[in-house]
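Architecture at a glance
What follows is each chain in one-letter form.
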Amino acid sequence: MAFSKYAKVSARVEVTHRIDSRKWQDVDVLTNCPQVAPISRSLIELLPSRAVVSLMAEPWELWPGAVDFDACDEAGIKVAAPNLAHPAIDLLPEFARLCCAFLGDAGVDQRGARVAIVCDTPCAPFLEHMLREGGARVGVFSHPALLSDDAWDVIVVAMRPSDKPPMDINCLGRIARNSRHALLLQFSGGIDRSAASYFGLGVWPPKRPARGQLGLPLDLLGAAPVIRRLTGGLKAAEAAYRNAELGEDSVGFLVKAGPETVGRKRA
């Protein structure tokens, strides 16, 4: 509400703790924030066909089942996502900054450290650049199975959320044979922590992050990155609601999902 007053729109903002089922027909934009997640079929069926679901994240950040994309398609409801690479949002370098802070939180001195980045997201080149700038010797791998057999000091896991952690017992067994003293940093995605404990591998943070959460919250970098993410998601949804064109260089894009993949689509 303080932010809405600053933007001089507080008269048009209402905070409520619940929405009566009859009022869902008045909803134009629904965000996938924790308060309404997951966005299931039963919730989508309450919305009018003009409504737009605002992801507030790129699809690769979502955990499986966060949004029923098939139900949205069937109901004719658009799904919009922010373009994190757009200059007005520019969050990919922020994720790299956050990862460097994460290493510091774990007590890692980057200078001269041999760091493997296991990353299948668009953050990979930004993570690599930021860690090299900090003096680390870096290798980047798109999947744990591709990790080389070098003696790594630190292995940063920055994977997409998934039902089964890609850093499984087989990959952890290889790491234990070649880099027994390596510290595993769970920045995003999953690690089979039971298997890591079995092999005597250290994992940071000590407590498993909540599902779909980063190792450190984005607001550790201040309010600006969070506001850019949220306003970017809302702006993309507004453009979709007004049937504006969302091209490759737009602040956001429409999301279409099939059984296996989630991809971009022009409005």
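Since the structure is predicted, the reported quantities are computational estimates derived from the model, not experimental observations.

Next up on the list: the sheet that holds strand E6 (residues 154-158). The pairing of strands in a sheet happens through backbone hydrogen bonds and is either parallel or antiparallel. Reading across the sheet, the 5 strands line up as E5-E4-E6-E7-E8 and stay open at both edges, with parallel pairing between neighbours. Each edge of the open sheet is held by one strand with a lone partner, namely strand E5 (137-141) and strand E8 (202-204). Taking the axes of each pair of neighbouring strands and ignoring which way they run, one obtains an average angle of 20° across the sheet. Examined bridge by bridge, strand E4 (residues 114-119) and E6 share 5 bridges and lie parallel to one another. In the strand pairing of E6, Ile117 is matched with Val156. In the packing of helix H4 (residues 92-105) onto the sheet, contacts are made with E6, strand E7 (183-188) and E8, and the angle to E7 comes to roughly 145°.

Bringing the pairing of E6 into the picture now. The element E6 is extensively covered by neighbouring structure, given that 5 of its 5 residues are classed as buried. Burial along E6 is two-sided: the face carrying Val154, Val156 and Ala158 and the face carrying Ile155 and Val157 are both buried. With 5 bridges connecting them, E6 and E7 associate as parallel partners. From the neighbouring strand, Val157 faces E7, where its bridge partner is Gln186. Tracing the backbone out of E6, into helix H6 (residues 169-178) and back to the parallel element E7 gives a crossover that is right-handed.

Look at helix H8 (residues 223-241): 27 Å from first C-alpha to last across 19 residues, which is about the 27 Å you get at 1.5 Å a residue. Taken as a whole, H8 has its buried residues at Pro225, Arg229, Gly232, Gly233, Ala236, Ala237, Ala239 and Ala240. Buried residues of H8 fall within an arc of 165° about the axis and therefore sit on the same side.

Okay, the pattern of salt bridges next. Within the structure shown, the criterion is met by 14 salt bridges. Measuring nitrogen to oxygen at the nearest pair gives 2.8 Å for the salt bridge that ties Asp28 to Arg50. Highlighted residues: Asp28 in the loop between helix H1 (2-6) and strand E1 (29-31) and Arg50 in the loop between helix H2 (41-44) and strand E2 (52-54), separated in sequence by 22 residues.

Before going further, it helps to spend a moment on the nonpolar core. Side chains that are nonpolar tend, in soluble globular proteins, to be buried together. Within the largest apolar cluster, 33 residues are counted, with the highest numbers of intra-cluster contacts made by Val115, Leu127, Leu131 and Val156. Listed by contribution, the elements that provide at least two residues to this core are H4, E4, helix H5 (124-133), E6 and E7. Among the nonpolar cores identified, the runner-up in size contains 22 residues, and Leu30, Phe69, Cys72 and Val79 belong to it.

Tracing the backbone through its elements, the reader meets Ser4 in helix H1. Ignoring any residue separated from it by four or fewer positions in sequence, one finds Ser4 in contact with Val9, Ser10 and Val13.

This part covers H4. With 14 residues, H4 extends 20 Å between its outermost C-alpha atoms, agreeing within 8% with the 20 Å of an ideal straight helix rising 1.5 Å per residue. Along H4, the residues classified as buried are Leu92, Glu94, Phe95, Ala96, Leu98, Cys99, Cys100, Phe102 and Leu103. Each element contacted by the buried residues of H4 is listed here: H5, E6, E7, E8 and H8. Where H4 terminates, the next one or two residues include Gly107, which has phi positive at roughly 80°.

Rules behind the numbers
Per-chain numbering applies: the sequence of each chain, read as written, is numbered from 1 onward. For this predicted model, a pLDDT threshold of at least 70 governs which residues receive local features, and a threshold of 80 or more governs which side-chain atom pairs are given and counted, while totals over whole chains, interfaces and linings are taken from all residues. Side-chain calculation: all heavy atoms of the structure are included, whereas hydrogens and water are not. At least two DSSP bridges between two strands are required for those strands to pair. Secondary structure counts use DSSP, requiring at least four H or I residues in a row for a helix and at least two E residues in a row for a strand, with both numbered from the N terminus. Here an angle of 0 to 180 degrees is reported between the N-to-C directions of two axes, which are lines fitted to C-alpha atoms, with helices fitted over the stretch in contact. Note on contacts: a residue pair is in contact if any heavy atoms of the two residues lie within 4.5 Å. Exposure classes here rest on a 1.4 Å probe applied to the protein chains alone. A residue is buried below 20% of its type maximum, exposed above 50%, and partly exposed in between. Classification remark: right-handed applies to a crossover when, strands pointing away from the viewer, the course from the first strand over the helix to the second runs clockwise. Here, expected helix span is obtained from the residue count minus one, scaled by 1.5 Å. The directions considered for the arc run from the helix axis to the C-beta atoms. Any carboxyl oxygen of Asp or Glu that lies within 4 Å of a side-chain nitrogen of Lys or Arg is treated as forming a salt bridge with it. We call a set of buried residues a nonpolar core when its members are Ala, Val, Leu, Ile, Met, Phe, Trp, Tyr or Cys and they connect through side-chain atoms within 4.5 Å of each other.

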